[in-house]
Amino acid sequence: MDVAYVSALSALAGSVVGSLTSGFTTWLSQRAQARAGRLAHEMSRREELFKDFIVAASKAHGEAIVSNEPKLEELIALYSMVSEMRVMSLPRTVECADQVMRATIDTYFAPNKTIRELHELVQSGTGIDPLKDFSEAAREELHAFTLP
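So, here's what we can say about the structure. Given the structure is predicted, the values throughout are model-derived calculations rather than measurements.

### Some thoughts on the packing of helix α1 (residues 3-66) against helix α5 (residues 132-146)
- Interaxial distance between α1 and α5 falls to 10 Å at its minimum, and their mutual angle equals 170 degrees. In terms of their interaxial angle, α1 and α5 are classed as roughly antiparallel. In this structure, α1 uses L39, E42, M43, R46, E47, F50, F53 and I54 to contact α5, whose residues at the interface are F134, S135, A138, E141, L142, F145 and T146.
- Considered class by class, the residues forming the contact of α1 with α5 number nine nonpolar, two polar and four charged.

Pasting the structure below:
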């Protein structure tokens, strides 16, 4: 075989290997960026759902403390959010959301609280924060998204 052919084949082989390496590196980089974008979007969706649930559940539970007449629209909205969590959240987060729902509904059947009774509950720290476990579970779930 002629030396010129060997030299030409070596140059072509080097070009092919170089372009394959470059293409592969670009593909890996784009794949990592797409994955990071999907994770950021998923985390944002969960943050928004958790925030909306906390606001709606707080309002519904506060209403249940002082009233025996549930607002069905609010309860249905809460059930809808819990159902969304069943699709995208960890089981512990969903269980805590279910507990918030049960506590809110149970509160409607309990005697209404006066302002003095509310003050005593706040001072003692008992029975006034049904969202504590949910908030902790949601924070743990969101923290898991930030880990590599």
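### Regarding helix α2 (residues 72-88)
- If you check α2, its first and last C-alpha atoms are 25 Å apart, about what 17 residues at 1.5 Å a residue would give, namely 24 Å.
- If you follow the buried residues of α2, they end up packed against α1, α3 (91-109) and α5.

### Quick notes on α1
- A rise of 1.5 Å per residue sets the reference length of α1, with its 64 residues, at 94 Å; its end C-alpha atoms lie 94 Å apart and thus fit the reference within 8%.
- Every buried residue belonging to α1 is among E42, M43, R46, L49, F50, F53, A56, A57, A60, H61, A64 and I65, and all of these are buried.
- Buried-residue contacts for α1 involve α2, α3, α4 (115-124) and α5.

### Thoughts on the packing of aromatic side chains
- This model, assessed by the stated rule, comprises two aromatic pairs.
- Centre to centre, the rings of F50 and F134 are 5.7 Å apart; their planes meet at 90 degrees, and the pair counts as edge-to-face. You can see F50 sitting in helix α1 and its partner F134 sitting in helix α5, a full 84 residues away along the chain.
- Judged by its relative accessible area of 3%, F50 is buried.
- Using a relative accessible area of 0% as the deciding quantity, one classes F134 as buried.
- With 4.8 Å between their ring centres and 55 degrees between their planes, F53 and F134 make a pair best called tilted. Taken together, the residues span a long stretch of sequence, with F53 in helix α1 and F134 in helix α5 at a distance of 81 residues.

### What to know about the environment of S80
- Relative to the elements of secondary structure, S80 occurs in helix α2.
- Between the C-alpha atom of S80 and that of F53, which follows or precedes it by 27 residues, the distance is 9.6 Å.

### Overview of the nonpolar core
- Counting 25 residues, the largest nonpolar core has F53, L78, M85 and F134 as the members making the most contacts within it.
- Of all elements in the fold, only α1, α2, α3 and α5 reach the threshold of two or more residues within this core.
- Looking at this core, the element that brings in the most residues is α1, giving eight residues.
- The contacts of M85, once residues within four sequence positions are left out, are L49, F50, F53, T93, V94, A97 and F134.

### Concerning the packing of α3 against α5
- In the contact formed by α3 and α5, the axes pass within 8 Å of each other and the chain directions differ by 160 degrees. The angle between α3 and α5 places the two elements in the roughly antiparallel class. Of the two possible hands of crossing, α3 and α5 adopt the one that is left-handed. Within the contact between the two elements, α3 uses R92, T93, C96, A97, Q99 and V100 and α5 uses D133, F134, E136, A137, A138, E140 and E141.

Analysis parameters
- Residues numbered from 1 in each chain as written.
- Predicted model: local features only at pLDDT ≥ 70, side-chain atom pairs only at ≥ 80, totals over all residues.
- Heavy atoms only, no water.
- Axes fitted to C-alpha atoms, helices over the stretch in contact; angles between N-to-C directions.
- Helix = DSSP H or I, 4+ residues; strand = E, 2+ residues; numbered from the N terminus.
- Parallel < 35°, antiparallel > 145°, perpendicular 65-115°, else oblique.
- Contact = heavy atoms within 4.5 Å.
- Nonpolar A, V, L, I, M, F, W, Y, C, P; charged D, E, K, R; others polar.
- Expected span 1.5 Å × (residues − 1).
- Buried < 20%, exposed > 50% of the residue type's maximum accessible area, 1.4 Å probe, protein only.
- Phe/Tyr/Trp six-rings, centres within 6.5 Å; stacked < 30°, edge-to-face > 60°.
- Core = buried A, V, L, I, M, F, W, Y, C linked by side-chain atoms within 4.5 Å.
- Left-handed = near helix turned anticlockwise from the far one by under 90°.

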